[in-house]
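Survey of secondary and tertiary structure
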Amino acid sequence: MKQLFTLVILIFGFSGATLAQNLTSSTANPKKMWRMTSLNVGLGIDCNNFRSMSLNELMIFAKHPEDMQRDLSLLTEDASTFTAGGVLQASLSFAPLNRATGTYRDNQEWRISIALHSPKEAMVSFKNEDLDTSIVYCNLHGEFTLETSYIFKGRWGKNFHWYAGGGLNAGLTFGNEMVLMSGKYFKPGAHPSTQESDESSRETFGAKSVYYTRLFIPYGIYYQVKERLQFGLDFRTGLGWQMIGNEKTNFIHRNGGFALGARFLFD
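Residues numbered from 1 in each chain as written. Predicted model: local features only at pLDDT ≥ 70, side-chain atom pairs only at ≥ 80, totals over all residues. Heavy atoms only, no water.

Taken together, the side chains of Leu43, Leu88, Ile114, Leu116, Phe144, Leu146 and Phe174 present a nonpolar region at the surface, about 650 Å² in accessible area. Mapped onto the nonpolar patch, the elements with two or more residues apiece are strand S5 (108-128) and strand S6 (133-156). Turning to its location among the elements, Phe144 is positioned in strand S6. The class of Phe144 is partly exposed, set by a relative accessible area of 39%. (Patch = residues over 30% accessible without salt bridge, like charges linked within 9 Å, V, L, I, M, F, W, Y side chains within 5 Å. Areas by Shrake-Rupley, 256 points an atom, 1.4 Å probe, with all protein chains shown as cover. Salt bridge = Lys/Arg side-chain N within 4 Å of Asp/Glu carboxyl O. Helix = DSSP H or I, 4+ residues; strand = E, 2+ residues; numbered from the N terminus. Buried < 20%, exposed > 50% of the residue type's maximum accessible area, 1.4 Å probe, protein only.)

Structure (structure tokens):
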């Protein structure tokens, strides 16, 4: 898995070097190989669905798991494999040059993006309704991602624009922490934050950095509201890997998300 993450970094490095080279005109071909076409921004939700989650898997995130040991002998484990959070994304799009015609293609784009993800919460709960007690283990971290994708575009009528393609990204987390909450029993489907503050306790512990890489299919539809402005919806679906140092790799069997987007077109 270390090799896979290294490969992703090399791909981004190669993409950046290629872009810098191709945006510079040459004497043999005065036209740039890529023309910047738009700035895209989006605000939405991103989610990961892991293959499995348990206390043992969650404790690998902790820098000092021994500090979080509690008596769980009379409690029943309830683990969630789903995490979700907000995402703010921005990207630049580039159209490739058609060497045969000397014009830029209007049905294809290469995108380079950056995104900031709000903290996602991986959680494992231990509860006993008869004892009216619960102990909840959480790992929280935000994420910064870089990604590259290649898409194909088309139109429906005069004002609707659609796209679909393929891409990959690499992510590094920030604000890593482990949280241990104890309090009264809470019902299935409820969040432990529903407990009354004076009847629960919250402890925070150090957590390790986490790395991500994902393969995904981006697609969406936009509406032309002005000559150089479009609004629409962005979607994605894919899979990925979560790497906790050299200790553990978790498989994300479903990564998805959607966002409200705006596209500002250049000349």
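Moving on to the pairing of strand S9 (residues 211-226). When strand S7 (residues 160-183) meets S9, the two strands line up antiparallel, connected through 11 bridges. Directly across from Trp162, in S9, lies its bridge partner Ile221. Summarising the sheet, S9 and strand S10 (residues 229-244) pair through 15 bridges and their orientation is antiparallel. Residue pairing for S10: Tyr223 is matched across the bridge by Phe231. Linking S9 back to S10 in an antiparallel pair, the connection comprises two residues. (Pairing = 2+ DSSP bridges.)

What follows concerns the pairing of S10. Relative to strand S11 (residues 248-265), S10 runs antiparallel, the two being bridged by 15 bridges. Looking across to S11, one finds that Phe235 is bridged to Phe258. Counted between consecutive antiparallel strands, the loop separating S10 from S11 contains three residues, among which Gly245 sits at a positive phi close to 55°.

A separate point is the side chain of Glu109. Of note, Glu109 is situated in strand S5. Classification of Glu109 by relative accessible area gives buried; the value is 2%. A distance of 3.1 Å separates a polar atom in the side chain of Glu109 from a polar atom in the side chain of Ser93. Looking at Glu109, its side chain comes within polar contact range of the side chain of Arg111, at 3.4 Å. (Polar contact = N/O pair within 3.5 Å; in protein donor to acceptor, adjacent residues only side chain to side chain.)

Here we come to the side chain of Gln230. Relative to the assigned elements, Gln230 resides in strand S10. Only 2.8 Å separates the side chain of Gln230 from the side chain of Gln224, close enough to count as a polar contact. Among residues more than four places away in sequence, those in contact with Gln230 are His161, Tyr222, Tyr223, Gln224, Val225, Gly261, Ala262, Arg263 and Leu265. (Contact = heavy atoms within 4.5 Å.)

For the rest of this paragraph, the subject is the nonpolar core. Counting 23 residues, the largest nonpolar core has Leu55, Leu58, Met68, Leu72, Phe126, Tyr137 and Met178 as the members making the most contacts within it. Taken together, the elements giving at least two residues each to this core come down to helix H2 (55-59), S5, S6 and S7. Not counting residues within four places of it along the chain, the set of residues in contact with Phe126 comprises Leu55, Leu72, Leu75, Thr76, Glu77, Thr133, Ser134, Ile135 and Tyr137. (Core = buried A, V, L, I, M, F, W, Y, C linked by side-chain atoms within 4.5 Å.)

Further remarks concern the packing of aromatic side chains. In total, this model carries eight aromatic pairs according to the counting rule given. Considering the side-chain rings of Phe126 and Tyr137, the 6.1 Å spacing of their centres and the 85° angle between planes classify their relative orientation as edge-to-face. Separated by 11 residues along the polypeptide, Phe126 in strand S5 and Tyr137 in strand S6 bring together distant segments of the chain. Phe126 sits in the buried class, given a relative accessible area of 6%. Of the residues examined, Tyr137 reaches a relative accessible area of 1% and is grouped as buried. Both rings, one in Phe160 and one in Tyr223, keep their centres 5.0 Å apart while their planes meet at 65°; by these two values the pair is edge-to-face. (Phe/Tyr/Trp six-rings, centres within 6.5 Å; stacked < 30°, edge-to-face > 60°.)

With that settled, consider the environment of Phe231. Here Phe231 shows up in strand S10. A sequence separation of 32 residues divides Phe231 from Arg263, and the C-alpha atoms of the two residues are 6.4 Å apart. Those residues in contact with Phe231 that sit more than four places away from it in its chain are Tyr222, Tyr223, Val225, Gly261 and Ala262.

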